[in-house]
Amino acid sequence: MRLADERDEVIDIARRMTSDRLVVGTSGNVSVRSGDLVAVTPSGVDYDRLRPADIPLVDLSGEIVDGELKPTSELPMHLTAYTEHDAGAVVHTHSLHATALSLLRDEVPAVHYQLADYGGAVRVADYATFGTPELARSMSEALRDRTGCILRNHGTVTLGDTLTKAYNRARQLEWLCELWLTAAKLGDPALLPDAELAHCATLFAGYGQTPR
């Protein structure tokens with residue numbers, strides 16, 4: 001089977017979105033790129049029922065090259081992330097707190113230094129109907145120089161070199177939004193200055209283990 005490992009990983013992350021309560025039912029979608037091909041969740045299939053053969057493979061123009069099921073209706077967003085933002089993987093959630101924040105703000109307030117991992121303030125993209133080229137364009141603008149954004153009245157999109165990294169950013173973004181919403185219930189949250197976020201971004205560049 002072509003891209004068997006990538007198809008398995010798409011299923012694993014799709015199921016984790018459900019167990020981590022980032023989506024409800026078949027909402028949200030996941031994809032990973034390998035060369036000029038993309039493995040992506042199909043449209044309207046319960047994640048618990050997915051098998052590797054159910055994961056469509058498409059090229060960067062959106063043509064199905066392997067698989068019998070239709071790709072997610074949000075395929076235009078995924079392809080835009082690959083062709084315009086050089087993503088290695090894309091995770092799209094309908095997470096509660098991030099979507100709630102999108103109704104109130106135009107970006108995620110700097111309540112924590114972890115925002116530096118997204119390249120700066122995480123923007124809220126203008127609303128557009130799901131599955132449309134307009135939504136893909138709105139997302140692309142919000143992702144400029146960023147690794148994640150929130151879609152107003154909709155959910156989140158996060159990018160990564162790997163699917164694990166993109167998914168971890170989706171989880172972290174939901175936590176950041178929950179943090180702000182929790183603090184804002186009690187008062188006016190203290191925010192970090194832009195200079196501190198920039199400093200933390202520099203530190204993140206050398207964070208973690210390095211090969212010996």
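Residues numbered from 1 in each chain as written. Predicted model: local features only at pLDDT ≥ 70, side-chain atom pairs only at ≥ 80, totals over all residues. Heavy atoms only, no water.

**Focus: the overall build of the protein chain**
The number of helices and strands found in the protein chain is six helices and eight strands. Taken from N to C terminus, the helices and strands of the protein chain fall in the order α-β-β-β-β-α-β-α-β-α-β-β-α-α. Scaling as 2.2 N^0.38, a compact globule of 212 residues should have a C-alpha radius of gyration of about 17 Å, and the protein chain matches this with 17 Å. Viewed in the frame of its principal axes, the protein chain has a C-alpha envelope of about 50 × 45 × 30 Å. Each of the 212 residues in the protein chain was classed as buried or not, and the buried ones make up 48%. Across the protein chain, contacts joining residues at least 24 apart in sequence account for 64% of those joining residues at least 6 apart. (Helix = DSSP H or I, 4+ residues; strand = E, 2+ residues; numbered from the N terminus. Rg over C-alpha atoms; globule rule 2.2 N^0.38 Å. Buried < 20%, exposed > 50% of the residue type's maximum accessible area, 1.4 Å probe, protein only. Contact = heavy atoms within 4.5 Å.)

**Quick look at the UniProt feature "domain: Class II aldolase/adducin N-terminal" (unreviewed entry) in the protein chain**
In the numbering used here, UniProt assigns the feature "domain: Class II aldolase/adducin N-terminal" (unreviewed entry) to residues 8–181. Within residues 8–181, the helical portion is 34% and the strand portion 19%, while the C-alpha atoms at the span's ends are 35 Å from each other. (UniProt positions renumbered as here; feature names shortened; annotations may be inferred.)

**Some details on the side chain of T158**
Along the chain, T158 falls in strand 8 (residues 155–160). A polar contact is formed between the side chain of T158 and the backbone oxygen of A166, at a distance of 2.8 Å. Here T158 is in contact with A89, V90, V91, Y118, T147, G148, A166, R169, A170 and L173, once residues within four sequence places are set aside. (Polar contact = N/O pair within 3.5 Å; in protein donor to acceptor, adjacent residues only side chain to side chain.)

**So, the packing of helix 2 (residues 75–85) against helix 4 (residues 133–142)**
Between helix 2 and helix 4, whose axes approach to 9 Å, the crossing angle comes to 40°. In this view, helix 2 runs oblique relative to helix 4, as classed from their interaxial angle. Relative to helix 4, the crossing made by helix 2 is right-handed. Together, P76, M77, T80, A81, E84 and H85 of helix 2 and L135, A136, M139 and S140 of helix 4 make up the contact between the two elements. A breakdown of the residues in the contact of helix 2 with helix 4 according to their chemical character gives six nonpolar, three polar and one charged. (Axes fitted to C-alpha atoms, helices over the stretch in contact; angles between N-to-C directions. Parallel < 35°, antiparallel > 145°, perpendicular 65-115°, else oblique. Left-handed = near helix turned anticlockwise from the far one by under 90°. Nonpolar A, V, L, I, M, F, W, Y, C, P; charged D, E, K, R; others polar.)

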